[in-house]
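Letter by letter, the chains look like this.
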Amino acid sequence: MARNLDVFKKRALEIAGDITAWRRELHKTPETGIHTPSTQAFICAELDKMGIPYRKDVGGGGCTGIVALIEGKNPGSGKVFTIRADCDGLPIAEETGLPFASANGCMHACGHDAHSAIALGAAKIIKENAGKLEGRVKILFQPGEEGNPVGPGGAKRMLDDGALENPRSDVIVGLHVGKLGEGVGPGEFCFRRDALMACMDRFEIVVKGVGSHGSTPQNSIDPIMIAAQIISTLQTIVSREFSPLVPVVISFGSIHAGSAFNIIPSECKMSGTIRALKNDIRKTLAKRIGEVAESVAEGMRGSVEYDFNWDGPAPVVNNPEVAEEFRKVAEELFPGDVVELENPLMGGEDMAFFLEAVPGMFCFFNTCDPAKHKFYHHNSKFDFDDTILWKGSAVMSAMAFQWLSDHK
Ligand SMILES: [Zn+2]
Ligand SMILES: [Zn+2]
């Protein structure tokens, strides 16, 4: 692998100001969910300026995904390298006090504004060098990563709407800024060769009992008592049914029942999440949670309605060859700034949908310096160093060229 990747680093540094400015513009007007029309308009306008064609409103049902395509030196042929950037914000009111802070009640509190800016920077560099490009580069701008209250999120929708087809993507890469890798320094990239993040599934349990006056429990089938037993017993799935060496999480995030201190209600609703690093564990958990909840409720004379929502993303699993190709390129551009993580994160990411469809890799780019940035993801004070985003564009554009020339 002897190539001149330095040109990508040099060019990314030259346009670093543009990349930072794009991020700040996007930061001012965050939009949430799958419908992010002004974000789409901003990105499309920049792609227009670069002369890069795209398909917009990818995903259907109001989803404003964008699929841009840069042809190489032989238009219409060659392998397809794909870069994925998400672009949605969160329903959090910003409290950073930054001059470009959002004032619309939502916030780019996960850094997806930076991902889109990095992808735009990579797009610009790749387009400028398209005459030397062996294949083609597709760039996905994806809303709805943070979820969608009704139905699938942005990645699943874009996938179902053919984002990886016509032309068919051969490989996909993406990154996440902020502070996600343990023990990783500012400005460093980190990755893994297999699972990087967990699945992110949601389940709901409604416990059905019989209500009564609080003074006459004998007349009730107490759904709160049943719920308490279910919550405790479910943790034994984690501790007794899986090896202590296998990471498994079952957490409840909500429980609601009753209307007064002295009434035993007839129903208790609760919802939770599971996290696992393998799909077979995910399927086992989905089955066992239902079985345990049902049997506990039955043993206490009640019943449950159980719903496991399969719209959530699978584990984020990197392809080892693509991960190694990334490591080589990133290490060559930024020696000493690439870290292989020992442990995955139990958080989830809907990049997983794309990685299930084609080989690829997802990595973290640490843009936070603990000395300057104390508040991390999904926090109203989340902030990071956006003057180093050019490093992400350098790695993405260099990797696109290198991968395509290695896989002619
Ligand atoms: Zn997030
Ligand atoms: Zn995110």
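All chains use their own residue numbering, which begins from 1 and follows the written sequence. The naming scheme follows written order: chains are lettered A onward, ligands numbered 1 onward. A pLDDT threshold of at least 70 governs which residues receive local features in this predicted model, and a stricter bar of 80 or more applies before side-chain atom pairs are shown or counted, although totals over entire chains, interfaces and linings include all residues. By convention in this description, side-chain values take in all heavy atoms of the structure and omit both hydrogens and water.

**What to know about the overall build of the protein chain**
Rules: Put simply, DSSP marks the helices as runs of H or I at least four residues long and the strands as runs of E at least two long, and each gets a number from the N terminus on. The quantity called the radius of gyration is restricted to C-alpha atoms. Its globule counterpart is 2.2 Å times the number of residues to the power 0.38. Only protein chains enter the accessibility calculation, which uses a 1.4 Å probe; a residue whose area is less than 20% of its type maximum is buried, one above 50% is exposed, and one in between is partly exposed. Note on contacts: a residue pair is in contact if any heavy atoms of the two residues lie within 4.5 Å. Each accessible area is a Shrake-Rupley estimate made with a 1.4 Å probe; only the visible protein chains count as cover when residues are assessed. Counted as positive: Lys and Arg. Counted as negative: Asp and Glu, with His and the chain ends omitted from the count. By convention, the point assigned to a charge is CZ for Arg, NZ for Lys, CD for Glu and CG for Asp.
For the protein chain, the count of helices and strands is ten helices and 16 strands. For 408 residues, the compact-globule estimate of 2.2 N^0.38 gives 22 Å, and the C-alpha radius of gyration of the protein chain, at 23 Å, lies within 12% of that figure. Its C-alpha atoms put the protein chain at 80 × 45 × 45 Å along the principal axes. In the protein chain, buried positions account for 54% of the 408 residues. For the protein chain, the share of sequence-separated contacts (at least 6 apart) that also reach a separation of at least 24 residues comes to 81%. Total accessible area on the protein chain stands at roughly 16700 Å², and carbon and sulfur atoms take up 52% of it. Looking at charge distribution, the protein chain has the averaged site of its 42 positive side-chain charges lying 3 Å from that of its 53 negative ones.

**Re the coordination of the zinc ion (ligand 2)**
Quick reminder of the rule: Only N, O and S atoms count as donors, using a 2.8 Å cut-off from the metal and 3.2 Å for Na, K and Ca, and because water is excluded some sites may appear unfinished.
Binding of the zinc ion (ligand 2) to the protein goes through Cys110 (SG), His112 (NE2) and His176 (NE2), at separations of 2.1 to 2.4 Å. Every donor residue of the zinc ion (ligand 2) comes from the same chain, spaced as C-x1-H-x63-H. Between the zinc ion (ligand 2) and the zinc ion (ligand 1), a spacing of 3.2 Å is present, and a bridge between the two is formed by Cys110. A relative accessible area of 0% places His112 in the buried class.

**Focus on the coordination of the zinc ion (ligand 1)**
For the zinc ion (ligand 1), the protein coordination sphere consists of Cys110 (SG), Glu146 (OE) and His378 (NE2), at 2.0 to 2.3 Å. Read in sequence order, the donor residues coordinating the zinc ion (ligand 1) give the pattern C-x35-E-x231-H.

**Considerations on the domain arrangement of the protein chain**
Put simply, the rule reads: Residue ranges for the domains trace back to a domain assignment, done automatically or taken from a database. Accessible area, probed at 1.4 Å, shrinks when two parts are joined; the buried area is that loss added up over both. Salt bridge, as applied in this entry: a Lys or Arg side-chain nitrogen positioned within 4 Å of an Asp or Glu carboxyl oxygen. Polar here means any residue outside two lists: the nonpolar Ala, Val, Leu, Ile, Met, Phe, Trp, Tyr, Cys and Pro, and the charged Asp, Glu, Lys and Arg; Gly therefore counts as polar.
Here the protein chain is described as being made up of domain 1 (6-198 + 314-406) and domain 2 (201-309). Its C-alpha centre places domain 1 at a distance of 37 Å from the equivalent point of domain 2. Facing twelve residues of domain 1, the contacting portion of domain 2 comprises nine residues. Surface buried jointly by domain 1 and domain 2 totals about 690 Å² across both partners, of which 65% is contributed by carbon and sulfur atoms. Here domain 1 and domain 2 share zero salt bridges between them. Taken together, the residues of the side of domain 1 that touches domain 2 break down into nine nonpolar, two polar and one charged.

**Quick word on the packing of aromatic side chains**
Remark: the centre distance and the inter-plane angle together describe each pair of aromatic rings, the angle taken between the planes. Cut-off, in case you're wondering: Only centres within 6.5 Å qualify two rings of Phe, Tyr or Trp (six-membered ring in Trp) as a pair; their planes then separate them into stacked at under 30 degrees, edge-to-face at over 60, and tilted for everything else. Two conditions define a charge sitting above a ring: the NZ of Lys or the CZ of Arg must be within 6 Å of the ring centre, and it must be within 35 degrees of the ring normal.
Throughout the structure, instances matching the rule amount to twelve aromatic pairs. An aromatic cluster of at least three residues, connected via ring pairs, comprises Phe189, Phe191, Phe326, Phe334, Phe365 and Trp390. In this structure, Lys391 packs its charged tip against the face of Phe334, placed 4.8 Å from the ring centre.

**Let's talk about the packing of helix H2 (residues 16-28) against helix H4 (residues 112-128)**
For clarity, the cut-off: Only the contacting stretch of a helix is used when fitting its axis, a line to C-alpha atoms as for every element, and angles between N-to-C directions run 0 to 180 degrees. By convention the crossing between two helices is left-handed if the near helix lies anticlockwise of the far one by an angle smaller than a right angle, and right-handed if it lies clockwise.
Between H2 and H4, the least distance of the axes is 8 Å, while the angle of their chain directions is 145 degrees. Crossing of H2 over H4 shows right-handed handedness. Residues Asp18, Ile19, Trp22, Arg23, Leu26 and His27 of H2 form the contact with H4, whose participating residues are Asp113, Ala114, Ser116, Ala117, Ile118, Leu120, Gly121 and Lys124.

**Quick look at the environment of Val137**
Considering the arrangement of structural elements, one finds Val137 in strand S4 (residues 136-142). Along the sequence, Val137 and Ile172 sit 35 residues apart, while their C-alpha atoms lie 9.9 Å from each other. Beyond its immediate chain neighbours, meaning those up to four positions away, Val137 contacts Ala68, Leu69, Ile70, Phe81, Ile83, Ile126, Ala400 and Leu404.

**Here's the deal with unusual backbone geometry**
Look at the link from Asn166 to Pro167: it is a cis peptide, with omega at -5 degrees. Residue placement: Pro167 occurs in the loop between helix H5 (154-160) and strand S5 (171-176). The backbone of Asp57 sits at a positive phi, close to 55 degrees, despite the residue not being glycine. For Asp57, the location among the structural elements is in strand S1 (residues 54-60). Its identity is not glycine, yet His378 carries a phi of approximately 60 degrees, on the positive side.

**Some details on the pairing of strand S2 (residues 63-70)**
What counts here: In this description, strands pair whenever DSSP reports at least two bridges between them.
Taken across its eight residues, S2 has eight buried, putting it largely inside the fold. Of the two faces of S2, the one holding Cys63, Gly65, Val67 and Leu69 and the one holding Thr64, Ile66, Ala68 and Ile70 are both buried throughout. Note: S1 against S2, five bridges, orientation antiparallel. Along S2, the bridge assignment pairs Tyr54 with Ala68. Hairpin connection between S1 and S2: a loop of two residues separates the two successive antiparallel strands, and Gly61 in this loop has a positive phi of roughly 60 degrees. Of the pairings in the sheet, the one linking S2 to S4 comprises five bridges and is antiparallel in character. Residue pairing across strands places Ala68 opposite Ile139, the latter belonging to S4.

**Description of the sheet that holds strand S8 (residues 201-208)**
Read from one edge of the open sheet, four strands run S10-S12-S8-S13, paired in antiparallel fashion. The outermost strands of the open sheet, each flanked by one partner alone, are strand S10 (248-257) and strand S13 (303-309). Adjacent strand axes in the sheet meet at a mean angle of 20 degrees, parallel and antiparallel pairs treated alike. Bridge analysis of S8 against S13 gives seven bridges, and the strand direction is antiparallel. Pairing of Glu204 across the sheet is with Asp307, part of S13.

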